[in-house]
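Close look at the chain arrangement
Chain residues, written in single-letter form:
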Amino acid sequence: MEAKNLTVARIKSLIERGEASAVEICQAYLQNLERLNPTIKAYLHTSPERALELAARIDRLKREGTPLPSLAALPMAIKDNILIKGLRSTCGSKILENFVALYNATVIEKLEAAGAVFLGKANLDEFAMGSSTENSAFFATRNPHALDYVPGGSSGGSAAAVASQMAVAALGSDTGGSIRQPASFCGVVGLKPTYSRVSRYGLVAFGSSLDQIGPIAATVKDTAQILRVIAGKDPHDATSLAVAVPDYLEGIEKPVKDLKIGLPREYFRAGLSEVVKNKIQAGLRLLETLGCQMVEIELPHTDYAIATYYVIAMAEASSNLARFDGVRYGLRVRGYSNLSGMYRETRDAGFGAEVKRRIVLGTFVLSSGYYDAYYLKAQKVRTLIKQDFEKAFEKVDVIISPTSPTPPFRIGEKSNDPLAMYLSDIFTITANLVGIPGISVPCGTTPEGLPVGMQILGKHFDEPRLLHLAHIFEQAGGFTL
Ligand code: GLN
């Protein structure tokens, strides 16, 4: 058995037919990890003993003749802002460097019950703030396709682990694109579910009205199977909704007929790199030959999306990060003279530059006298953006765009220019503002071999349609255009 390009279904059949044990599969991926992680740096820390224990449990089920659960022995990387009991959860931050999680996130409970095996915790931009994984307080992750390039972010470790065979699948979190953009940069599939589809209990909060956990995998079917396991109402998360979870594989092979695809005029104009545009256009032509119909649509408030997102995300972050004060969690510096000195020195030593920038700006836009001018106005524009999408979805079934306006950029290229970094989120942030689902699928590579991703957006809870279209695109060769 070669630990390469395995899938959920293939792993299950290897074990069921006795061709490999769960422990052997786990060991093989741990070997990949040992070999590749020193260069790619996708994992912050690993948990081989625990992974092997989880795998041994699957082998016991097999010996007893018990049917295997749906994700049996699936080797996974988990973004380090999602809690796994007994393991460190650093969020890529010095302030939580030695913080050990006291409970499991709901998604972890569900994945464990479904047989998944967690190999370790994946690198991220500190508290998921960034688009390149360079904001991690520990080290930057490299793009497995070209080591001088970023893997995207903030779930860059998760996407790079899957792309380099250091995991078969991963979990990321997406507040403004952090699952879809790294999936696009690393040439894998990444899905941000509808807001409220997946429980956020045990995800360290960044922007609570925007955050969602979602799967990253090499194939659409694997993505669908993981979503099925993690989706659903959770009594621990009041924002999760009791909407039935469908079998996302049902009907996934059926041809797509007469599907109306909306192409936002505002997304295909200046600022979009030529090479990305050409790839996406090739992808769209392929979808046309499969029976889809292209319709030009308008999203008139697109120009305000970046500003709106960053006001809201920073405001929510400043409030969520207030809990890291040296009293209850993580780091507390020594040698302070009084309580406010302890807060100040701990937060100064514990947070990196980007996190501080956001706390300061977020506190500013919420402060009395400025609240109406910034935060309240951003909330109003958020409603206008939502209405743009509602109108568009009266005419079309899904909306397609590039995931990112450029291919992966070089390490260091944008790290000193926060605005340039923020602008690269233009196509992904709206799905979070509106709460709709979005998937990024590979759509070929640039002449230099850098992956390009295509984003498909759908109506609330329309994940079945996104996964269906994405799967048909994959089967028709769209990933390698
Ligand atoms: N790049 C965006 C930001 O920096 C999105 C991050 C995310 O989705 N977690 O806020």
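Structure report, in brief. All values reported here derive from a predicted model rather than from experimental measurement.

1. Some thoughts on the overall build of the chain
Of regular secondary structure, the chain possesses 15 helices and 11 strands. For 481 residues, the compact-globule estimate of 2.2 N^0.38 gives 23 Å, and the C-alpha radius of gyration of the chain, at 21 Å, lies within 12% of that figure. On the principal axes, the C-alpha backbone points of the chain span a range of 65 × 55 × 45 Å. Residues classed as buried in the chain amount to 60% of the 481 residues present. For the chain, the exposed surface amounts to about 18400 Å²; the carbon and sulfur share of it is 51%. Separation between the mean location of the 52 positive side-chain charges and that of the 49 negative ones in the chain comes to 2 Å.

2. A short note on helix α11 (residues 353–366)
With 14 residues, α11 extends 20 Å between its outermost C-alpha atoms, agreeing within 8% with the 20 Å of an ideal straight helix rising 1.5 Å per residue. Where α11 is concerned, the buried positions are Glu354, Val355, Arg358, Ile359, Gly362 and Val365. Buried residues of α11, viewed axially, fall in a sector of 140°; they line one side. Set apart from the buried face of α11 by more than 90 degrees, the exposed residues are Ala353 and Val360.

3. Overview of the packing of aromatic side chains
The tally for this structure, following the rule as stated, stands at 15 aromatic pairs. For the ring pair phenylalanine 127 and phenylalanine 351, a centre distance of 6.0 Å and an interplane angle of 65° mean the geometry is edge-to-face. Residue phenylalanine 127 is located in the loop between β3 (117–122) and α5 (156–163), and its partner phenylalanine 351 is located in the loop between α10 (339–350) and α11; the two are separated by 224 residues in the primary sequence. Each member of the pair, phenylalanine 127 together with phenylalanine 351, is buried. A ring pair is formed by phenylalanine 364 and tyrosine 370, whose centres lie 4.5 Å apart and whose planes are at 35°; its orientation type is tilted. Relative accessible area serves as the criterion here: at 34%, phenylalanine 364 is assigned to the partly exposed category. Ring pairing ties together the aromatic residues Phe99, Phe127, Phe324, Tyr329 and Phe351, which thus form one cluster. Directly above the aromatic system of phenylalanine 409 lies the positively charged group of lysine 414, at a separation of 4.4 Å from the ring centroid.

Basis of the calculations
- Residues numbered from 1 in each chain as written.
- Predicted model: local features only at pLDDT ≥ 70, side-chain atom pairs only at ≥ 80, totals over all residues.
- Heavy atoms only, no water.
- Helix = DSSP H or I, 4+ residues; strand = E, 2+ residues; numbered from the N terminus.
- Rg over C-alpha atoms; globule rule 2.2 N^0.38 Å.
- Buried < 20%, exposed > 50% of the residue type's maximum accessible area, 1.4 Å probe, protein only.
- Areas by Shrake-Rupley, 256 points an atom, 1.4 Å probe, with all protein chains shown as cover.
- Lys, Arg positive; Asp, Glu negative; His and termini not counted.
- Charge placed at Lys NZ, Arg CZ, Asp CG, Glu CD.
- Expected span 1.5 Å × (residues − 1).
- Arc of directions from axis to C-beta.
- Phe/Tyr/Trp six-rings, centres within 6.5 Å; stacked < 30°, edge-to-face > 60°.
- Lys NZ or Arg CZ within 6 Å of the ring centre and 35° of its normal.

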